[in-house]
Amino acid sequence: MTARVRRGPTVVIVGGIAATIGAWLALGLLDACLGALATLAYAASAPSVVGATRVPDGAAPDPRSVRKWREEHPDATISEAIAALSER
């Protein structure tokens, strides 16, 4: 019913930040800058998750029903809950 959240890009970006800090401590500023540039380039080209869930136009569902739906589906976002309840 709902799409699972992809954590792959987040892991790569956090790993890039850690590698940049490690390169700065071990190798120097130039290598750290190259790591930071690579991490920023990847982060800029990664697909956005903000606004990726389509929510139908119309009246918003009751907040209690959204809360209940999210309790039943703990990995879902608020936007996904609203979209699922609006389809009913």
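The preceding data block contains the structure.
To start, this report covers the structure provided alongside it. Owing to the predicted nature of the structure, the values given are computational and were not obtained by experimental measurement.

What counts and how
Residues numbered from 1 in each chain as written. Predicted model: local features only at pLDDT ≥ 70, side-chain atom pairs only at ≥ 80, totals over all residues. Heavy atoms only, no water. Helix = DSSP H or I, 4+ residues; strand = E, 2+ residues; numbered from the N terminus. Buried < 20%, exposed > 50% of the residue type's maximum accessible area, 1.4 Å probe, protein only. Contact = heavy atoms within 4.5 Å. Axes fitted to C-alpha atoms, helices over the stretch in contact; angles between N-to-C directions. Parallel < 35°, antiparallel > 145°, perpendicular 65-115°, else oblique. Left-handed = near helix turned anticlockwise from the far one by under 90°. Nonpolar A, V, L, I, M, F, W, Y, C, P; charged D, E, K, R; others polar.

**Some thoughts on the overall build of the chain**
Here comes step 1: A tally of regular secondary structure across the chain gives four helices and zero strands.
Here comes step 2: When the helices and strands of the chain are listed from N to C terminus, the series reads α-α-α-α.
Here comes step 3: Buried residues in the chain amount to 16% of all 88 residues.
Here comes step 4: Pairs at least 24 apart in sequence give 48% of the contacts found in the chain among residues at least 6 apart.

**What about the packing of helix 3 (residues 63-72) against helix 4 (residues 78-87)?**
Here comes step 1: Taken N-terminus to C-terminus, the directions of helix 3 and helix 4 make an angle of 110 degrees; their axes are 9 Å apart at the nearest point. In this view, helix 3 runs roughly perpendicular relative to helix 4, as classed from their interaxial angle. The hand of the helix 3/helix 4 crossing is right-handed. Between helix 3 and helix 4, the residues in contact are Ser65, Val66, Trp69 and Arg70 and Ile78, Glu80, Ala81, Ile82, Ala84 and Leu85, respectively.
Here comes step 2: Of the residues contributing to the contact of helix 3 with helix 4, the split by class is seven nonpolar, one polar and two charged.

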